[in-house]
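So the chains spell out like this:
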Amino acid sequence: MNVHGRAARRAVAIGGSMSGLFAAAFLRKIGWQVDVYERSPIELVGRGAGITTHPELLEALELSGAGTPRDLGIMVERRIAIDRKGRVIADKPYPQMLTSWDRLQRLLRDTLPPENYHLGWNFERAEQDGSEVVAHFSGGRRERADLLIGGDGIRSGVRAQVAPAIQPIYAGYYIWRGAPNESDLAPETLKTIFPHFVFYLPERQQVIGYPISGFDNDLRPGRRRYNFIWYRVGDAATLREMCVDQNGHQHEYSVPPPLIRRDLVAGLMAEAEQELPPAFLDTLRKIPQPFFTPIYDFTSPQMVFGRIILLGDAASSARPHMGFGVSKAGDDARALADALASHDDIDRALAHYQAVRAPISEKIMMHGRRLGTHLGVNLKTAEDRAMWKTLQDYRAMMDWIAVPNFLAA
Ligand SMILES: Cc1cc2nc3c(=O)[nH]c(=O)nc-3n(C[C@H](O)[C@H](O)[C@H](O)COP(=O)(O)OP(=O)(O)OC[C@H]3O[C@@H](n4cnc5c(N)ncnc54)[C@H](O)[C@@H]3O)c2cc1C
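An account of the accompanying structure is given in this report.

Reading the values: rules and limits
Residues numbered from 1 in each chain as written. Predicted model: local features only at pLDDT ≥ 70, side-chain atom pairs only at ≥ 80, totals over all residues. Heavy atoms only, no water. Pairing = 2+ DSSP bridges. Helix = DSSP H or I, 4+ residues; strand = E, 2+ residues; numbered from the N terminus. Axes fitted to C-alpha atoms, helices over the stretch in contact; angles between N-to-C directions. Near = heavy atom within 4 Å. Polar contact = N/O pair within 3.5 Å; in protein donor to acceptor, adjacent residues only side chain to side chain. Areas by Shrake-Rupley, 256 points an atom, 1.4 Å probe, with all protein chains shown as cover. Nonpolar A, V, L, I, M, F, W, Y, C, P; charged D, E, K, R; others polar. Salt bridge = Lys/Arg side-chain N within 4 Å of Asp/Glu carboxyl O. Buried < 20%, exposed > 50% of the residue type's maximum accessible area, 1.4 Å probe, protein only. Phe/Tyr/Trp six-rings, centres within 6.5 Å; stacked < 30°, edge-to-face > 60°. Lys NZ or Arg CZ within 6 Å of the ring centre and 35° of its normal. Contact = heavy atoms within 4.5 Å. Expected span 1.5 Å × (residues − 1). 1 Å grid on protein atoms, 1.4 Å probe; cavity = no way out; pocket = protein on both sides within 12 Å on 5 of 7 lines; lining within 4 Å. Points joined across faces, edges and corners; volume = space filled by probe spheres on them.

### Digging into the sheet that holds strand β8 (residues 133-137)
Step number 1: One open sheet accounts for 3 strands, arranged β7-β8-β9; its pairing is antiparallel. What marks the edges here is a single partner per strand, and that holds for β7 (123-128) and β9 (142-145). Adjacent strand axes in the sheet meet at a mean angle of 20 degrees, parallel and antiparallel pairs treated alike.
Step number 2: Across 5 bridges, β7 lies against β8 in antiparallel orientation. Paired with F123 across the strands is F137, a residue of β8.

### Some thoughts on the sheet that holds strand β17 (residues 308-310)
Step number 1: Spatially, 6 strands are ordered β6-β2-β1-β10-β17-β16 in an open sheet, and the strand pairing comes out mixed. Of all the strands in the sheet, just β6 (117-119) and β16 (304-305) have a single pairing partner and so form its edges.
Step number 2: Sheet topology note: the strand β2 (residues 33-38)/β6 ladder contains 3 bridges and is parallel. Residue pairing across strands places E38 opposite L119, the latter belonging to β6.

### Some words on the site of the ligand
Step number 1: For the ligand, the set of nearby residues contains 30 residues, the closest of which are S17, S19, E38, D313 and V326.
Step number 2: Measuring from an oxygen atom of the ligand, one finds a backbone N or O atom of M18 at 3.1 Å.
Step number 3: Protein contact buries 86% of the 1,000 Å² of open area that the ligand shows by itself.
Step number 4: Sorting the residues of the shell around the ligand by element identifies α1 (18-29), β2, β3 (50-52), β11 (169-178) and α9 (325-342) as the ones contributing at least two each.
Step number 5: In terms of residue class, the shell around the ligand is built from 12 nonpolar, 12 polar and 6 charged.

### Here we look at the environment of W101
Step number 1: Mapping W101 onto the fold places it in helix α3 (residues 101-109).
Step number 2: Among the polar contacts made by the side chain of W101, one reaches the side chain of S17 at a distance of 3.5 Å.

### Quick look at the pattern of salt bridges
Step number 1: Summed over all chains, the structure comprises 27 salt bridges.
Step number 2: In this structure, the salt-bridge partner of R106 is D216, at a minimum N-O distance of 3.3 Å. Note that R106 is positioned in helix α3 and D216 in the loop between β13 (206-212) and β14 (225-233), a separation of 110 residues in sequence.
Step number 3: Between R307 and D347 there is a salt bridge, with the nearest N and O atoms lying 2.9 Å from each other. Of this pair, R307 sits in the loop between β16 and β17 while D347 sits in helix α10 (residues 346-372), and the two are 40 residues apart along the sequence.
Step number 4: Of the residues examined, R307 reaches a relative accessible area of 7% and is grouped as buried.
Step number 5: Look at the salt bridges and you will find they share partners, linking R10, D35 and E143 into a network.

### Some words on the packing of aromatic side chains
Step number 1: Counting across every chain of the model gives 14 aromatic pairs.
Step number 2: Each ring, one from Y37 and one from F137, has its centre 4.8 Å from the other, and the planes form 40 degrees; the classification is tilted. Separated by 100 residues along the polypeptide, Y37 in strand β2 and F137 in strand β8 bring together distant segments of the chain. Each member of the pair, Y37 together with F137, is buried.
Step number 3: Among the aromatic residues, ring-to-ring pairing joins Y37, W121, F123 and F137 into one connected group.
Step number 4: Just above the ring of Y94 sits the side chain of R79; from NZ or CZ to the centre is 4.4 Å.

### Considering the environment of P55
Step number 1: Locating P55 in the fold gives a position in helix α2 (residues 55-64).
Step number 2: Sequence-distant contacts of P55, that is, excluding residues within four places in its chain, are made with P404 and N405.

### Focus on α9
Step number 1: Under the 1.5 Å per step criterion, the end-to-end length of α9 is 26 Å for 18 residues, consistent within 8% with the ideal 26 Å.
Step number 2: Counted residue by residue, α9 has 13 buried out of 18 residues, so it is predominantly covered.

### Some thoughts on the pairing of β11
Step number 1: Buried residues dominate β11, accounting for 8 of its 10 residues.
Step number 2: Where β11 meets strand β15 (residues 291-299), 6 bridges bridge the pair, whose relative direction is antiparallel. In the sheet register, I169 faces β15, and the bridge partner there is D297.
Step number 3: Where β11 and β14 come together, 6 bridges link them in antiparallel fashion. Bridge pairing in β14 links R177 to I229.

### Comments concerning the layout of surface pockets
Step number 1: Taken as a whole, the second largest pocket spans an internal volume of roughly 450 Å³.
Step number 2: Contributing to the lining of the second largest pocket are 18 residues, with R319, R369, N378, K380 and D384 lying nearest its centre.
Step number 3: Counting residues per element, the ones that place at least two in the lining of the second largest pocket are β11, α10 and α11 (382-390).
Step number 4: Top element by residues in the lining of the second largest pocket is β11. It accounts for 5 residues.

### Some words on the side chain of H374
Step number 1: Here H374 shows up in the loop between α10 and α11.
Step number 2: Take H374: its relative accessible area is 2%, and that puts it in the buried class.
Step number 3: If we ignore the near neighbours within four places in the chain, the residues touching H374 are L201, P202, R204, Q205, Q206, W388, L391, Q392 and M397.

### So, the environment of R319
Step number 1: Position of R319 relative to the elements: it lies in the loop between β18 (316-317) and α9.
Step number 2: By relative accessible area, which is 13% here, R319 ends up buried.
Step number 3: Along the primary structure R319 and P294 are separated by 25 residues, whereas in three dimensions their C-alpha atoms are 9.9 Å apart.
Step number 4: Apart from the residues lying within four places of it in its own chain, the contact partners of R319 are A171, Y173, I295, Y296, D297, G368, R369 and G372.
Step number 5: Among the polar contacts made by the side chain of R319, one reaches the side chain of Y173 at a distance of 3.1 Å.
Step number 6: A distance of 3.2 Å separates polar atoms of two side chains, one belonging to R319 and the other to D297.

Dropping the structure here:
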């Protein structure tokens, strides 16, 4: 029996990243029994990505029981914009906590007993009969539950089963990224850009950098890293060509970093010599293996399919200009738990979850598109062009990119 005096209900969450873990943490708080199934056979570590935080994320961490420890990340105090020569052309006090994917995953993972987190389980399909779901995994394993949560990311296999027509849309641009060690950076780089959230904004490009923790969440000076992101425009044909790997194999969406063609990286470095300010050039040179990520977005208007629901990136994914994806995953999970706690009937609770989260997901995605107009791709409406114009001013970019409370605006 749980706190409501009824037999504990059970959820199966597919995906052991942010969504699966947030869902598990929030549902356990309201007395559900939750198991998380992750297809990776090994612990999800070393993704190395920087994550900007928002008040929603900090609140979700607190309410889910993960907590917001003092060593969550690095507090930057200022945003600066620099020109091609590295001169500061704008400077704005803007305190913001920057953390990393690894750190958040560790915190959330600690909310769950180890026996409820299962590595090496690949979801294949589910069947349901109106009050129960059975999830089938590779190798013939199966799990029965009251609810199946698809938290398996932008290429969700759960979504592929329930809403196969919903596909992520390529934005027409991609990023080169990486996070070199602080200790490898030149003294001048450490002095000029390392402590700050930095923008360099040539036409139809964005270079953004900020400090994040080092290996194993090390926050000590000298042990941190600098998150580097370079947005480049490239059409679908260009992307397809980039997705041919070092061995000549064509990948569909992106290429695992060790397999990225050496001629692509050589081309990137040659362009960087011509285009980047010295400190960003130094940063890029110190990345052992820069890799690219194509930018996609989409939203699924339907998030609930009987007893199967979509959550986080599986339900919708915005372009990363707001740095809000993990916050959204936390808010989706929180809304799901609130709905289940306030409705005895699971199906009514899920209808409520859908009614609350679908419009917000759409709003977040559209906001990402507005910010993406800076890159000048596919500007269709007068509104797009007006936004593009606004964002040509680097001070506007500093005011709009990855800022808190954008949903309230
Ligand atoms: C360039 C870039 C920058 C970003 N910056 C930020 C930022 O600053 N702040 C922020 O909040 N967000 C940011 N995001 C977004 C953020 O990374 C995502 O929103 C977040 O990781 C979504 O979490 P998720 O758990 O829904 O999906 P994912 O993190 O993609 O996890 C899905 C999990 O499901 C597992 N899985 C997949 N298929 C199966 C299967 N069949 N069976 C079992 N398991 C499966 C995968 O292995 C994976 O572990 C950024 C994204 C990008 C691309």
